[in-house]
Each structure stands twice: as structure tokens, then as C-alpha cells.
Amino acid sequence: MSPRWLWVLAAVCPGWVQAQVSLAPPTGLNPGQAYGPVNKSIVSATGSGFSQAVRLQTTRQPAQFYDAGYTLATVAAVAQNDVIAGQIWLRRLQPAAGEAFVAFNFEKASPNYDKSHQVTWTTASTNWTRFRFAFPALAAYPAGAAQLALHLGFPPQTVEIGGLQLTNYAKLYPLSAFTNDLTYVGREPDASWRAEAAARIEQHRKADLTLTVRDLSGKPVAGAPVVVRQVRHAFGFGSAVDGARLIGRVGSTSDLLRYQGIVTNWFNEVVLENDLKWPQWESGSNTTLSALGWLKTRNIGVRGHNLIWPGDRFLPADVPGLYGDPAALRRRIENHFRDILAKSQGLCFEWDVLNEPLHETSVEAVLGRAELAEWFKLARNLDRVPRLYLNEYNNLESPDRLGTLALRTLLADLKARGATIDGVGLQGHYGGFLTSPPEIYQRIQLLTPEGGGSMTSVAVTEFDVNVADELVQADYLRDFFTIVFSHPRVERLLMWGFWANQHWLPRAALIRSNWELKPNGIQYSNLVFREWWTTTNGVTDASGRLTVRGFKGDYVVQVGTGAEQQTAPASLRENAALEVTLPVTVPVLRLETVGGRTVLRWPRSAAGYRLQHCPDLDPAQWQPIGTSPVAVGDDWQVELGPDSLEGFYRLGL
């Protein structure tokens, strides 16, 4: 846009006078201040439009990623909702291999450091990589009252940053006119992790089904046509759902039918988003129980979420008032466990006994760490059927492994105290940072015996990707699902909602408000019901057998055709065998005279049988004849002429 055009706009609309004003000092990043264990130096650089860069070296990893970094104060004022956009260039020097991380923030320059924009960039390249950004200002800030903050408190690293552009466009352009660069390491189509994941999926998520077909006399049937059709995954694919919406107590009839249709056709497991949480349970258990019953009749498994979320904000209003009386607090919690587990018995196959204990510690501060283990023991004594989980976040979705390691320590501690923990639930709510697929695999591995942890069962319990770029969103869903599905310890993957009108982050949904599938919804459907779904056919061999390899789950097997067709269910969890009996015996071979010709006839429905000849029954040496039968009506027919073989004929397999 030319300066003259800007002048005209400013003259007509005085509120736009500040449009396109740089918020960075003339020397760019150079005047910024390092803090925490960070060394700063100014270096020469050969970049795109810049000749100097700031080199930042972190000497150790602090307790929190924001405890080390670099700040740069703004030099011009910002009004609320002004559109700020720009770019920065980044490259990695250390570590020698792997990734470098920079968490970009535009924030108030004083407590509470309210943030207008947060994104974590990662690069594995030693070449300059550009990252563009755009966002609306959260509030009005005078010059110097806001700052660009680069958090660097990750494993020790050395990065260089340069080429900063930080411009206030005020209200001149909409946010959609600018680009937010967001991607992730491993997105490349030829990334090496893809072949490794595919091999693990083939090994761990599929099995062989060997089918044997016999007739009523017990003889194998060769050449029998077989169709093997999958109807359900063994792996859990699911979503959070709303109980009231599910049973039609909110929303229109049209939306109800679509909502129920997606739930029953797309998911074999669900979790009630809020209904089973302690405060909601006590205020609306009738709706909750009706929703649980609806799901049970449709054979949709339910994860119970959760028995206790031990932070002030997530407890019934009266519970924090009991902190001064530990005995009363303990009774209140125990009574809740007894109530909800009795009324929901047989309706939940799994429970998050404890939700987010590393972050919500109010009750632990009163009753002690040992009480957390007692909750698992209490849940097991009250209902021995459901599997018991601990659910936590800041593991898969964070730039570093600190949360994962803290969780591993907590799990080991609770199990040492006798907690009956069957598995761990990992959340994955993604926004400004997308963890690389190989790193996701390694984080999961850290919690399992193979990686030094104690968990033999893992679930991804809450997944969504709340980003504006729908192609990145779709690609990340595809790659996240793929790497998680490839890990042999993971048993299920549930999203935290699917429809924009019933989602805590509507932008993250798979389906728009008008029920149109988004690109991430198409990716989900393609993976779960096409790429990882088995429908195949074949014919039995001479011994009546056919082996197919398919994804683990439930199947319908169809054998034969016409009146002799049989259908049988099959469950494929490990290599399995299935025998099917066709309602046919050895067909009758008829000798008939037709129009003065002698013919042999037998039913066309006799799948697998062939005409055989033997010159002498002592000893009998049956051999197939070379003459091919012809179809005549419902029969196969072979004509016996002067040149036909003398001896005996029969039908054999």
C-alpha cells in the first residue's frame, strides 16, 4: 500500500492515523534484554533483509520454560483490538542434532503479563527459517507497556533470531489478511517416522483370521467364495459427548438426529464431557443416567470422567469449606465415590479416578499424598469391574518432557503406596505448539515399562487442535492419530468433542455448525473407516481354508452364495480361527439321457466339487477329467460320447 493511499485513509478516518506503525525499535531485536540462564550476544548474519542477529544461549533448563528468555519493549502505542502482524527469522545452532524451541509471546510488560498471542516455534534446521504471525491486541497499551517475550527455558540450546518485523496495522486490515505460520517437525510426506509407524501398525494392530469351510458331512469345501467385512474396531476411537444433547433435552430434532448418528456411526467409545464430574453429577444425575443407558443399549463403551478433580474450582461449592476438618472432607469424598459408583455400576468400563493431580492440589494439601492412593483403593473396592485411570495434561502437548517425567514420578509414587492404577490417560489439547510425531511416541514410551515407567496401558483421553489453519489442523490430526495408533501400549484415542455447536473450542471441531465436514473430519473418517478398516474377499483352497489379515476388531464373515450362503460373526483380537459349515452335503451325480445323448449332471450350487474318473475301483485312483462342464439351467453338465473314458465317475473335492 502506497504512502499516499495511507494519507488519504488517515484524512478520511482519523481513527486510522496509527495504521502501519512499527512497534520494534529501529535496530530491531538488538536492544532487548535476556533474563534467566541466558547469554546474549550480537552477531553478524546473512539473512533475508538483515545483517545482524541476536544469539541466545541457554546454559541450563530452569523449572519453567518462561523462567529463561528475552524481552523487547514496544516503542509505540497500541489500541485494543488493533491487528498486529509481522515476522521473525530463527535458526538452530545447538543442540547439534534435534530441535530448538522458542515460545513467542506478545504480552503486557508487567504482571499479570496478559498475553495477546502465544505460539511456540520449533526448528531442526541450521538455516534461517521465517515465522509469520498476526493477532489482535488484547488491550490498549502505551508505548513500552507491552513487550515481545521469547521464552527459552527448554533443554540447553543456542539459537539465533533476526529480521524482526512487528507492525501495528490498527483497524486497517482484518486479521484474515495476514498469515500465521504454524507447522511441525515431521509433517513432510517423506518423513522417516511414517514408515516406522506403518510397520508397527501392521505388526500390532492387525492379526490373521483363518477360515475353514466344511459341508454337512464334515468334508472341506474348496472354491467357496468368502467375504470378510469389518464392523467394529478393537482399538477405541471416540469423543466427548454431552448427555443432555445426546438424549434430546437440548437442541432441535434435526440436530439431535445428526448428533446421535455421528456418535453411533463414528465412535465405539465416548466420554461424557461434564455430566459425570462431581458438581454436575449432584445437580443432574437423572440426565446422566439416561445418557449412559442410551449408550449402553447401542454397545458404545463409556469412560467415566471423573471421580475427583481435586482443585477448588472443580469441587461442589461446599467442599472447600471442609478443608479445616479433614475427617469431614474425607467422609464427603468417600460418600461421593459410593453414590456415583453404585448408581453407574455396569455403565462405565473405565474411570478417571483422579483428574489432573499435578495441577490441582488443593485437596492433597489437606489430606496428603497418601490419600490419592486411597482413592484408587476405594474405587476398586466399590466396583471391581471398571479399569481405573489417572488423567493428566502437559505431557504430549508441551514443548519439553518435564510434565511427562513429573507424571512418571507421581505414578510410581502412587503405585508404591498401593494405588490400583490400571492405566494413564494423556490429554492433548493443541494450540500454539504442535509436538512432532516422533516426540509424541517417545513421551508415551517414557511412561511404559519399555521407557522406564510403570504403565502397561495408555489412553489418549482428550484431543483437539485449536488452530486457524485448517490444512495444518487436518494434517496434524492425521499424523497424531497415526503415531498414537502405532504405539502398542495405547488402547484408545478420544477427541474432546466433534461438532462446533457442542465443543469447548469450536474452531477445533471436526464438523462445522451446519454439519459440513471440515478437512480434519475428512482425515478422521479416512483413517478410521478406510485406511485402518478391512473389507476383503477370496475363495477357499483345496483344504477348504482361507487366511486373511485384517485390523483387529469385530467382523461378519459371509461364505457361499445363494441358498447355501452362511453368515458368521468373528472376533479378531489376536490370530484366530473360524469354522463355517455350509448347509450342503456331497451333491448327487446323475446319469441321464437327453435327446439321445448320455450326460452326467450335478447341481451348480455344489461349490468346489469337480468331476473325477477312475478306470478301476481296486485300487481306486481318482483323477480329474479334462472336459470342462457347461452350465445348463441349475446344473453342471458333461456329455459322455464315444471317446469318453471308460470306468467310474464321481464328484470330489
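Worth saying up front: this structure is predicted, and the values here are computed from it rather than measured.

Novice: Explain the overall build of the chain to me, and be specific about the residues and the numbers.
Specialist: Scanning the chain for helices and strands turns up 12 helices and 33 strands. Taking 26 Å as the expected radius of gyration for a compact globule of 653 residues, we find that the chain reaches 33 Å, considerably beyond that expectation. Overall size of the chain, expressed as C-alpha extent along the three principal axes, is 110 × 70 × 50 Å. Burial statistics for the chain: of 653 residues in total, 50% are counted as buried. Within the chain, counting contacts between residues at least 6 apart in sequence, those at least 24 apart form 76% of the total.

Novice: Explain the pattern of salt bridges to me, using residue names and the numbers behind them.
Specialist: By the definition in use, this model includes 42 salt bridges. A salt bridge links D208 to R549; the nearest nitrogen and oxygen atoms lie 3.2 Å apart. Of this pair, D208 sits in strand β12 (residues 206-214) while R549 sits in strand β23 (residues 545-551); the two residues are 341 residues apart in sequence, bridging distant segments of the chain. Overall, R549 belongs to the partly exposed group, its relative accessible area being 32%. Between K552 and E574 there is a salt bridge, with the nearest N and O atoms lying 3.7 Å from each other. Linking K552 in the loop between β23 and β24 (553-559) with E574 in the loop between β25 (566-572) and β26 (576-581), this pair joins segments that are 22 residues apart in sequence. The buried category is assigned to K552, whose relative accessible area is 17%. One salt-bridge network, in which partners are shared between bridges, spans E269, R303, E350, D352, R387, E491 and R492.

Novice: Give me the lowdown on the sheet that holds strand β33 (residues 648-652), citing residues and values where you can.
Specialist: Spatially, the three strands line up as an open sheet ordered β30-β29-β33, and their pairing is antiparallel. If you trace the sheet from one side to the other, it starts and ends with β30 (623-624) and β33, each paired once.

Novice: Any chance you could break down helix α8 (residues 369-382) for me, citing the residues and the numbers?
Specialist: Between the first and last C-alpha of α8 there are 21 Å, a value that for 14 residues agrees with the 20 Å anticipated at 1.5 Å per step. Looking at α8, one finds that the buried residues are E371, L372, A373, W375, F376, L378, A379 and R380. Looking at the buried side of α8, the elements it contacts are β16 (301-308), α6 (326-343), β17 (350-355), α7 (362-367), β18 (387-392) and α9 (402-416).

Novice: An account of the nonpolar core is needed here, citing residue identities and associated values.
Specialist: Core analysis: the largest hydrophobic core is formed by 143 residues, its most contacted members being V263, W375, F463, F480, F481, F498 and Y524. A per-element tally of this core places helix α11 (residues 470-485) first, with eight residues. With near-sequence residues (within four places) excluded, F463 lies in contact with G428, Y430, L477, F480, F481, L493, L494, M495 and W496. Ranked by size, the runner-up nonpolar core spans eight residues in total, among them L600, W602, Y609 and V638.

Novice: Explain the sheet that holds strand β21 (residues 490-495) residue by residue, including any values.
Specialist: Ordered in space as β14-β15-β16-β17-β18-β19-β20-β21, the eight strands form a closed barrel in which the pairing is parallel. The mean inter-strand angle of the sheet, taken between neighbouring strand axes irrespective of direction, is 30°. In this sheet, strand β15 (residues 269-272) lies alongside strand β14 (residues 236-241) in parallel orientation, the contact comprising four bridges. Bridge pairing in β15 places G238 opposite E269.

Novice: Describe the packing of helix α5 (residues 278-297) against α6, and please don't skip the residues or the numbers.
Specialist: To describe two helices that pack against each other, one gives the angle between their axes and the distance between the axes. Where α5 meets α6, the closest approach of the two axes is 12 Å, and the angle between their N-to-C directions is 15°. Between α5 and α6, the interaxial angle falls into the category roughly parallel. Helix-helix and strand crossings are classified by hand; for α5 and α6 the assignment is left-handed. On α6, the residues that touch W278, W281, E282 and L289 of α5 are R332, I333, H336, D339, I340 and K343. Residue classes in the contact of α5 with α6 are distributed as five nonpolar, one polar and four charged.

Novice: Provide a residue-level description of the packing of helix α2 (residues 192-204) against α11, including the pertinent values.
Specialist: Direction vectors running N to C along α2 and α11 enclose 50°, while the axes themselves pass 8 Å from each other. What the angle tells us is that α2 and α11 run oblique. Here α2 runs over α11; the crossing is left-handed. For the pair formed by α2 and α11, the contact residues are W193, R194, A197, R200 and I201 on the first element and R478, D479, T482, I483 and F485 on the second. Each residue belonging to the contact of α2 with α11 can be placed in one class, and the counts come to five nonpolar, one polar and four charged.

Novice: An account of unusual backbone geometry is needed here, citing residue identities and associated values.
Specialist: Q94 connects to P95 through a cis peptide bond whose omega is 5°. Following H305, the chain continues into N306 via a peptide bond in cis, with omega recorded as 0°. With phi around 65°, N394 is a residue other than glycine that occupies positive phi space. Along the chain, N394 turns up in the loop between β18 and α9.

Novice: Could you give an account of helix α12 (residues 519-531), with specific residues and numbers?
Specialist: Of all the residues in α12, the buried ones are N520, G521, Q523, Y524, L527 and V528. One side of α12 holds all its buried residues, which, seen down the axis, span an arc of 160°. Projecting away from the buried face of α12 at angles above 90 degrees are the exposed residues R530 and E531. At its buried positions, α12 is contacted by β13 (225-233), β14, α4 (253-266), α11 and β21.

Novice: Now, about the packing of aromatic side chains: what can you tell me, with residues and values included?
Specialist: Considering all chains together, one arrives at 40 aromatic pairs under this definition. For the ring pair W266 and F267, a centre distance of 6.3 Å and an interplane angle of 90° mean the geometry is edge-to-face. The pair W266 / F267 is uniform in exposure class, with both members buried. Judged by centre distance (5.7 Å) and plane angle (70°), the rings of Y430 and F480 are edge-to-face. In this pair, Y430 is assigned in strand β19 (residues 423-430) and F480 in helix α11, connecting sequence segments 50 residues apart.

Novice: Run through the pairing of β24, naming residues and quoting values.
Specialist: The pairing of β13 with β24 spans seven bridges and is classified as antiparallel. Within β24, the position partnered with H233 by the bridge is G553. Relative to β25, β24 runs antiparallel, the two being bridged by seven bridges. When the bridges of β25 are listed, Q558 appears paired with T567.

Scoring rules and cut-offs
- Residues numbered from 1 in each chain as written.
- Predicted model: local features only at pLDDT ≥ 70, side-chain atom pairs only at ≥ 80, totals over all residues.
- Heavy atoms only, no water.
- Helix = DSSP H or I, 4+ residues; strand = E, 2+ residues; numbered from the N terminus.
- Rg over C-alpha atoms; globule rule 2.2 N^0.38 Å.
- Buried < 20%, exposed > 50% of the residue type's maximum accessible area, 1.4 Å probe, protein only.
- Contact = heavy atoms within 4.5 Å.
- Salt bridge = Lys/Arg side-chain N within 4 Å of Asp/Glu carboxyl O.
- Pairing = 2+ DSSP bridges.
- Expected span 1.5 Å × (residues − 1).
- Core = buried A, V, L, I, M, F, W, Y, C linked by side-chain atoms within 4.5 Å.
- Axes fitted to C-alpha atoms, helices over the stretch in contact; angles between N-to-C directions.
- Parallel < 35°, antiparallel > 145°, perpendicular 65-115°, else oblique.
- Left-handed = near helix turned anticlockwise from the far one by under 90°.
- Nonpolar A, V, L, I, M, F, W, Y, C, P; charged D, E, K, R; others polar.
- Arc of directions from axis to C-beta.
- Phe/Tyr/Trp six-rings, centres within 6.5 Å; stacked < 30°, edge-to-face > 60°.

Read these as geometric descriptors, not functional statements.
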